[in-house]
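Chain by chain, the residues run as shown.
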Amino acid sequence: MEAGALLPDKLLSRISIAKEELERHSEVRIVSHYDADGISSAGVLCNAMLRAGKRFHATMTKGLTDQLVQEAAEGCELIIFSDMGSSHLDEIEATGCRAIVLDHHAPPRDSEKIVHINPHLADIDGMTSASASAMCMLFAVNLDERNWDLLHLAFAGISGDRQAIRGLSGINQWLFEQGAQRGVVEAVPGSLYRPGRLLDGLYASTDPYLRGVSGSREGARALLEEAGINVDASSRDLDEAQGRKLSSLIALRLVEQGVPAATMEEAVHERYFFPRAGMEAGELASLLNACGRSNNEGMGLALALGDPKALEGARKLRADYVNEVMAGLERIARDGVTAMENIQYFVNENLGLSGILCGVTMQYLGDRDKPTIALSEHDEGVKISSRGTFPLLEQGIDLAVAMRESAAKVGGFGGGHRIAAGATVPKGREDEFLAVLDAMIGEQKKKEA
Ligand code: C5P
Ligand code: C5P
């Protein structure tokens, strides 16, 4: 979909059907994912329900199970799944409950029994061009034009799912254009350092992750001194020459770290600022993410609903989350990862941190020629996260397929996107899983070659 293009009819007609479905009910059950995209999706939906005068009950979960689908459907009039559901159509249809699915994961099939809204059904890639929150936003603005004031939430999902790193496209781009026309959003240039107090920004930076600076206040201080910048300065205080000096020093360190130019370009991607919310999308995404990944999804949703106390609480949670992420990354930087022929992996105890640690390791710490895998044990099995890069996708790698099929071979389940996917496998079968996955990634590369 080019800039300025219209939305596909197939999506619009499904959204109209969903709107009619909603009009028939006074109460809605909402089930969404626990990450930034999932919480922002639920945030868009809950705000829209409030405005429409509907009662709602929202739940955020790490993953959809048969049991959760059944429990959620019990006694409910209408159920909306966001950022999940496309891979669980059998279970959702079996409940017989009226249902709307607003998902962006590649669906194995379509449904005639429920309202299935997914960008892939209109040939739009849900990995790069439509977050789940963007799909929920399309639905919300179709319900009520006033819902354009929720665009910051949609963009928190777009940013959290790393869909802005190579520029906007598809539904995300359409939303930006429409929002900009309404004065809701502004595009601002990105940089290698964050807006705000520089010392804090450098300490907390994962994109880029700078060895010896990210996670180290002394390292961050030393870098600022080397750039001739006051250690208490904020990004706003920098003149052009100082800003350039700091960026060049960061870029130089990244080159020494072996980070390719393409990754740096992704890190400096354009940002999206929301004047009414007084916040940039990435900032909101990091707050929501910290809530979700620390089992405080409720606070994330309260933040999305505009509770000022939740903003304060989420900032505190983020400070702890950043410290934990940095400790995890320092450990990986120190101990390294285990290399197999086609993949690399590490074990991580904190389930909520696996995705972020895996992504940063892939981009900034590990071998860029091998997909990165993180394993964390929990009560119900071993949770696996995997991350790749765009050049790896060009070699034929599809992590969604590899995770789904490798997990199934050892009695587990998985899925996701080509570049970022996950799975759960039974305890004790993780070595077997890694061997199957390693071979499968090798096969994917061979096929493409
Ligand atoms: O469930 P969901 O689709 O929302 O999660 C996608 C995950 O994949 C997010 O954690 C996101 O950060 C990650 N991702 C990534 N690199 C990309 C796209 C997504 O690490 N290019
Ligand atoms: O958990 P993590 O952030 O690593 O998940 C990466 C992607 O894989 C997300 O889009 C998530 O929804 C998806 N996933 C999945 N099935 C699983 C685990 C994760 O589809 N069992």
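What you see is a predicted model, and the numbers here were worked out from it, not measured in a lab.

Undergrad: What's the story with the nonpolar core in this structure? I'm lost.
TA: The nonpolar side chains of soluble globular proteins are, as a tendency, buried together. Residues F139, L151, F155, I171 and L175 are the most contacted members of the largest nonpolar core, which totals 64 residues. For F139, the residues in contact, after removing those within four places along its chain, are I15, A18, K19, L22, L45, M49, I80, I100 and L102. Residues L198, A220, Y321 and L353 belong to the second largest nonpolar core, which totals 40 residues.

Undergrad: Which parts of the structure should I look at to understand the site of ligand 1?
TA: The full set close to ligand 1 counts 14 residues, and D35, H105, D161, H417 and A420 are the nearest of them. Here an oxygen atom of ligand 1 sits 2.9 Å away from a polar atom, N or O, in the side chain of D35. Here an oxygen atom of ligand 1 sits 3.1 Å away from a polar atom, N or O, in the side chain of H104. For ligand 1, the protein covers 88% of the area, taking 480 Å² as the surface of the free molecule. Considered class by class, the residues forming the shell around ligand 1 number two nonpolar, five polar and seven charged.

Undergrad: I'm lost on the site of ligand 2 in this one. Help?
TA: As a matter of local geometry, ligand 2 sits amid 15 residues, with H105, K383, S385, R387 and G415 nearest to it. With respect to ligand 2, the side chain of R387 contributes an N or O atom lying 3.0 Å from an oxygen atom. Between ligand 2 and G416 there is a distance of 3.1 Å, counted from an oxygen atom to a backbone nitrogen or oxygen. If ligand 2 stood free it would expose 460 Å²; the protein chains cover 82% of that surface. Mapped onto the shell around ligand 2, the elements with two or more residues apiece are β12 (381-387), β13 (413-416) and β14 (420-425).

Undergrad: Honestly, the domain arrangement of the chain in this entry has me stumped. Any pointers?
TA: The extent of an interface is frequently quoted as the accessible surface area lost upon association of the parts. Domain annotation of the chain identifies domain 1 (9-188), domain 2 (198-267) and domain 3 (337-443). Just the C-alpha atoms count here: the centres of domain 1 and domain 2 sit 37 Å apart.

Definitions and cut-offs
Residues numbered from 1 in each chain as written. Chains lettered and ligands numbered in written order. Predicted model: local features only at pLDDT ≥ 70, side-chain atom pairs only at ≥ 80, totals over all residues. Heavy atoms only, no water. Core = buried A, V, L, I, M, F, W, Y, C linked by side-chain atoms within 4.5 Å. Buried < 20%, exposed > 50% of the residue type's maximum accessible area, 1.4 Å probe, protein only. Contact = heavy atoms within 4.5 Å. Near = heavy atom within 4 Å. Polar contact = N/O pair within 3.5 Å; in protein donor to acceptor, adjacent residues only side chain to side chain. Areas by Shrake-Rupley, 256 points an atom, 1.4 Å probe, with all protein chains shown as cover. Nonpolar A, V, L, I, M, F, W, Y, C, P; charged D, E, K, R; others polar. Helix = DSSP H or I, 4+ residues; strand = E, 2+ residues; numbered from the N terminus. Domains from an automatic or database assignment.

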